[in-house]
Protein chains: 2
Amino acid sequence: MRVTDPDKHQAKKQMILEAAKTCFAEQGFHQTSTAQICTAAGISAGNLFHYFASKKAIITAIVEDDRRQTQDFVAVLCEGDDLFAALNAFLDGVLDMAADRAQASLALEIAAEAGRDAEINSLYRLSEKAMCAELEGLISLGMERGQISKQFSASSVVHCIMVVVDGVFSRVSVDPQFKPQEEKAALKAMMTGVLGLSNGGEAQK
Amino acid sequence: MRVTDPDKHQAKKQMILEAAKTCFAEQGFHQTSTAQICTAAGISAGNLFHYFASKKAIITAIVEDDRRQTQDFVAVLCEGDDLFAALNAFLDGVLDMAADRAQASLALEIAAEAGRDAEINSLYRLSEKAMCAELEGLISLGMERGQISKQFSASSVVHCIMVVVDGVFSRVSVDPQFKPQEEKAALKAMMTGVLGLSNGGEAQK
């Protein structure tokens, strides 16, 4: 019996995922063959199927990977003292990601696939729900601490932030003139409209 | 030779378009057959082709129709005295449209088709550009009149507004909990973050 080192196995799996992400971002899920993924990863077809049973299994793993990364990102933000600043850092992260053509294309491919495939859809929705719940927790805490305005419910604020997140990715795909990083100040000012304390306190800075 | 009344011809064409819109919103462009459009419009296949050469010609006409309606809508807003109020009315219109499942589905179908078909894409881009130019004109005028903050360029403000417009349609499609009309106040407060005069003038009301 062959004994595999779990760390090595995981590292190789991750390497294949990264190669697949590059292919998917460039060509879309459906236009990418497993043969192309193997070439990009520098492995044989037999070797690929040792790690992933199918192309769909790779897509599923990418959605799960994406979910873990987003959760880790929001979890780190929640540790900060100033949660108004944490949400601004969150928006910075979103804009940097949207400015990266490959990441933006991959995010849009995932969203489109979620519209076509029921299994990917439920994974995607799960990921979305988890992110919204984390954001709502962060916002509620910021409201308690007096760092975020209580003018609207935490749930309304989450909806507004998600409108901005989705809108940024959509604009990147339809408008070549839209450069997300160049609009950081204006988009932050917009977010402050719903987060900021009207008494000119901390959250207005 | 048969003589057709141009008004009657136009009215029937519009009636077929409306029937097609309903079918497309319910089932998507590609899942709708011309036979289904004929049934919905109560006409024969031969009659349909008297008005539209193909299903794609119907889709093209819908995109052009959509473009004309949006331009008319923005043109009416530009006539108002208070352009900060006009932009709030614009957002109201967008949120009402997004709340209408059929209209929201049709808008998303058009955007998706623009990603697949080059001809629809250039029409869609033309329509987008026209709307952004109209909005930019409105915002510049509002800035001159002191109704809209000059903190950001008119072009940056347009980008922010389009982020909100696209984001609202995207959230409607992915999040059943998101009710655009219930978030009017929060979304307007957000827009005021980028439009509003910081000296507490008119634009803050």
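Above this text you will find the structure in question.
The following refers to the structure shown. (Residues numbered from 1 in each chain as written. Chains lettered and ligands numbered in written order. Predicted model: local features only at pLDDT ≥ 70, side-chain atom pairs only at ≥ 80, totals over all residues. Heavy atoms only, no water.)

With respect to the overall build of chain A
Step number 1: Along chain A, the regular secondary structure elements total nine helices and zero strands.
Step number 2: Counting helices and strands in the order they occur from the N terminus, chain A gives α-α-α-α-α-α-α-α-α.
Step number 3: For the C-alpha atoms alone, the extent of chain A along its principal axes is close to 65 × 40 × 30 Å.
Step number 4: Taking all 205 residues of chain A together, the buried fraction comes to 47%.
Step number 5: Residue pairs in contact within chain A that sit at least 24 positions apart in sequence constitute 66% of those at least 6 positions apart.
Step number 6: For chain A, the accessible surface area stands at approximately 9,800 Å², while carbon and sulfur atoms represent 52% of it. (Helix = DSSP H or I, 4+ residues; strand = E, 2+ residues; numbered from the N terminus. Buried < 20%, exposed > 50% of the residue type's maximum accessible area, 1.4 Å probe, protein only. Contact = heavy atoms within 4.5 Å. Areas by Shrake-Rupley, 256 points an atom, 1.4 Å probe, with all protein chains shown as cover.)

Section: the pattern of salt bridges
When the charged atoms of two side chains lie near each other, side chains of opposite charge can form a pair.
Step number 1: Inspection of every chain in the model, using the stated rule, returns 22 salt bridges over all chains.
Step number 2: For the salt bridge of A:Arg171 with B:Glu128, the shortest nitrogen-to-oxygen distance reads 2.8 Å. Taken as a pair, A:Arg171 in helix α8 (residues 154–174) and B:Glu128 in helix α7 (residues 118–144) lie in two separate chains rather than in one. With respect to burial, A:Arg171 and B:Glu128 carry one shared label: buried.
Step number 3: Between B:Arg171 and B:Asp175 there is a salt bridge whose closest N-O contact spans 3.9 Å.
Step number 4: With relative accessibility at 1%, the residue B:Arg171 sits in the buried group.
Step number 5: Among the charged side chains, a network of salt bridges with common partners joins A:Glu18, A:Lys21, A:Asp65 and A:Arg68. (Salt bridge = Lys/Arg side-chain N within 4 Å of Asp/Glu carboxyl O.)

A look at the environment of A:Ile43
Step number 1: Tracing the backbone through its elements, the reader meets A:Ile43 in the loop between α2 (34–41) and α3 (45–51).
Step number 2: Those residues in contact with A:Ile43 that sit more than four places away from it in its chain are A:Lys12, A:Met15, A:Ile16, A:Cys38 and A:Leu48.

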